[in-house]
Amino acid sequence: MVSISLAGPVVSVGVFFRDGAGPLAGVGVALTVSVWLLLIMFHMGQRQRVASVLVYLLVFASAAAIAAHGTVRSMATLVMLAAVVGAGTFLRRSSMIICAVLAVTMLAFLNVAENMGYLPAPQTATGWAVWLTQTMVLISLVITVNFGRRRLLEAFREQARALAQAREAAEALSFSEARIQALFRNSPTASVVQSVERAAITDVNEAFLALFGYVREELLGQDVPELWADSQALADFQTQLRQAGRVTNLRAKARHKNGTVFDALVCADVVKHGDEHLVVTMVLDISAETVSILKMEKLRERFTKAFNFSPLGMTITRMSDGRFMEVNPANERVLGYTLEDFRGETSLSANVWVDNEDRDRYIHTLKESGQLVAYDTRMRNKAGDIKEVRIWAEIIELDGEPCALSYTLNVSAEKRREALLLEMAKGVSGETGEPFFRSLVEYMSKVLQADLVIAGEIHTTGAVETIAACWKGSFVPNITYQLQGTPCGHTVQTYGECFYANHLADQFPSDDFPIGTGYQTYLGVALRDADGTSIGILKALWTSDKPLTPDLQALATIFSSRCNAELVRMRRDREIQRLRETLERRVAERTGQLEQLNRELDSFAFTVSHDLKSPLRSIDGFTHLLREQLNEHLSEGDQQLFDRIDMSVARMNALIVDLLALARVSQSNIHRNIVNLSTLATEVMMLAKAGEPNRSATVLIEPNLMANCDGRLAHIVLENLLGNAWKYSSHTADTRIEFGQRPVAEGAAPVFFVKDNGAGFDMSRSDRLFKPFNRLHASNEFEGSGIGLATVRRILERHGGFVRGEGKIGLGATFEFSFGNETPP
């Protein structure tokens, strides 16, 4: 169309210059203007309409040009030809035929008109205008033919692409059929395909064979076996299949090849395969599901029974808005509400919460933990009274909605008892003995509104002596009365509360009630020891009839338990006091006896030691005199005998000296003062080294070790301990002896130690270390009497201190000791 819009004005100008402003030029101008208008419509999107108008416009314009030119041999015939070619290119086949017929018809009329002389005389002059017209027509025709060729090629390519897509679709369909076949074969759901026309099975999968127990050859090409155990279910299956062409989730009883019956879920669909109708049936074994459903129904039934018959108030409320979903009958006993009261209500609209903050706190706590155990709060009952309640709750899911399953218990009475118990505990806290019982009976008379409350103790004679009695709010003097013929006599024979009401005096005519008169009601509890023996009684009396309510029983139990515990404690204290007094007396007597024995023993040891020295000196003197007289006549054997006598006399003398020292230590008085132990230790070691000047030894003495002790006795302690360290390390090549102080807590008595690297000792025999005349080494190894360490312990114990030793054989020993506190015990 662009080529025509450009060629039109060019041809019109050429005709104008050749023929002037004649009819032919007018046709050219009209065609040009019309093409430009069509070009505008083309750009506005009306392409199909523009193509049709353009083709017919060219046909009519070319006919008008032939008529204006006066001959059918005019160049306008080429334009008509181009119009027919364009119709074949751009328009449908029907439009192209119409256009061709129109052109042929017009050319026929024009030929007739020219032959009959109806057309103007033709202008056959040639020139550049004719050439220009022919050129423009040919160019337009070439462009149209080329465009048609392109359209033809594009159509061919489109057909090729469509063919390729068809091939791909066929391959995909083949692959899809293979996949469907694989899915059918490997599906875990039992599936069977049956031909409607042939009434035979065409295919089954492995799941179907496994479920019903058949093999493939038994089914393919055969009629469907008796797979239905329920004829009514089969009839329903066939009816649904005929009416709807499919069956969805039909529950039925299926029969196995061996005759067993199981629950099944059946689905089926009718599909068309070519000219054949196929029924695809899938069977699912739901026996386990059926069992689960039955169990679920039983559980639901049990839950319903538990829910409805529970003594606790149970509700199920929606978490989102608090709406009551279920309410059991026990709620009427708990808070007075029935199911009808809560129907369609929320916890807020029913006004059960005291305020919104209580409910928000409850909901927040429940959401945070998922459950609540013994959650105490307050709720309003149907009458509008505020009650203390205890709630157990858990979040459950009901129809996909989070709900709260709640158990509610009215604990108002329990709270009241707890408050009374707390007040009672406060009233008697910190008191024992008689003050406790006075506070208890006073408080009990107020709480129970009793005219008389008595707490009494039963003696072995069978009489009751009151510990405390409160009559009409005032304390009365204690009395003693007999159990026989009184309600108390029955009480001590009863476990638990003993209650009498209505004409109490007529039931016990011999009871003269020493405190008050006119009592109508009696409540008593026996107080018992751990072995069940009656040791007391707690009773309350009223001058009016008083019913035995649960609250009264609970309060009586609380008061009697506390009273019982205090009476048992008081009796134990008395017994302990008696035992303490007896024990102190016996300890004092025994201590006096032991002190007398120690004094006698020390005196005996001193006397024996002193008396033994005289004959020992005589033996020593006569032995020396005899040796001098027989000096020239003694053989070597005789000389050895005299040496052994001298050694025995010397050892006996050392024992006597040590015994005397031990006796003096036990009998002498202790005079404490501040003593520099480092100085004493240095003196002791200087004397030891003087006895063995050639011995190699390292002695380490910590300077300025001070102790509060008797200096003379401290010297004996160090003399023995350092002397033992020196003696028992004599066989060690490089002797090392240390004397120092251990770190102790602030304010504690100082602890000192003597350490050596000598022979040591066996710790399994350490219990013999501080016993007199006990030695851990043989006398031929190390000399000694076995009295030294016993003397050390006696001195330190008299100071209120201690001594202990540790050692290992061949690695030395360490002795720790202390002189105790600054003041002796």
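Asker: Could you give an account of the pairing of strand E24 (residues 812-818), naming the residues involved and the relevant values?
Answerer: Taking burial as the measure, the seven residues of E24 include seven buried ones, the bulk of the element. Here strand E22 (residues 751-756) pairs with E24 via five bridges, running antiparallel. Counted as the bridge partner of Asp756 is Ala813 from E24. Pairing geometry for strand E23 (residues 802-808) and E24, over seven bridges, is antiparallel. Each bridged residue has a counterpart across the sheet, and for Phe802 the counterpart in E24 is Ser818. Hairpin geometry of E23 and E24 is characterised by an intervening segment of three residues between the two adjacent antiparallel strands and by a positive phi of about 85° at Gly810.

Asker: So, the environment of Arg736: which residues are in play, and what are the values?
Answerer: Position of Arg736 relative to the elements: it lies in strand E21 (residues 735-742). Residue Arg736 is classed as partly exposed on the basis of its relative accessible area, which comes to 39%. Residues Arg736 and Thr698, 38 residues apart in the sequence, show an inter-C-alpha distance of 4.7 Å. In this structure Arg736 touches Thr698, Leu700, Lys755, Asp756 and Asn757, once residues within four positions along its chain are discounted.

Asker: Tell me about the sheet that holds strand E7 (residues 324-327), and please be specific about residues and values.
Answerer: Reading across from one edge, E7-E6-E10-E9-E8 is the order of the five strands in this open sheet, with antiparallel pairing throughout. Of all the strands in the sheet, just E7 and strand E8 (371-380) have a single pairing partner and so form its edges. Across the sheet, the mean angle from the axis of one strand to that of its neighbour is 30°, orientation sign disregarded. Two strands pair when backbone bridges link them, and strand E6 (residues 313-318) and E7 are joined in this way by three bridges, in the antiparallel orientation.

Asker: Please set out the packing of helix H20 (residues 711-728) against helix H21 (residues 788-798) residue by residue, giving values where relevant.
Answerer: Contact geometry for H20 and H21: axes closest at 9 Å, N-to-C directions at 145°. The interaxial crossing formed by H20 with H21 has left-handed handedness. Touching Leu713, Ile716, Val717, Asn720, Leu721 and Asn724 of H20 are Gly788, Leu789, Thr791, Val792, Ile795 and Leu796, all from H21. For the contact of H20 with H21, the class distribution of residues is eight nonpolar, four polar and no charged.

Asker: I'd like to hear about the nonpolar core, residue by residue, with values.
Answerer: In this structure, Leu677, Phe739, Phe817 and Phe819 are the most contacted members of the largest nonpolar core, which totals 34 residues. The set of elements that each furnish at least two residues to this core consists of helix H19 (677-691), strand E20 (706-709), H20, E21, E22, H21 and E24. The element best represented in this core is H20, accounting for eight residues. Among residues more than four places away in sequence, those in contact with Phe819 are Arg672, Leu677, Ala707, Asn708, Cys709, Ala714, Phe752, Leu796, His799 and Gly801. Of all hydrophobic cores here, the second largest spans 27 residues; its members include Phe436, Met444, Leu527 and Met570.

Rules used throughout
Residues numbered from 1 in each chain as written. Predicted model: local features only at pLDDT ≥ 70, side-chain atom pairs only at ≥ 80, totals over all residues. Heavy atoms only, no water. Buried < 20%, exposed > 50% of the residue type's maximum accessible area, 1.4 Å probe, protein only. Helix = DSSP H or I, 4+ residues; strand = E, 2+ residues; numbered from the N terminus. Pairing = 2+ DSSP bridges. Contact = heavy atoms within 4.5 Å. Axes fitted to C-alpha atoms, helices over the stretch in contact; angles between N-to-C directions. Left-handed = near helix turned anticlockwise from the far one by under 90°. Nonpolar A, V, L, I, M, F, W, Y, C, P; charged D, E, K, R; others polar. Core = buried A, V, L, I, M, F, W, Y, C linked by side-chain atoms within 4.5 Å.

Spatial relationships are all this shows, so hold off on functional conclusions.
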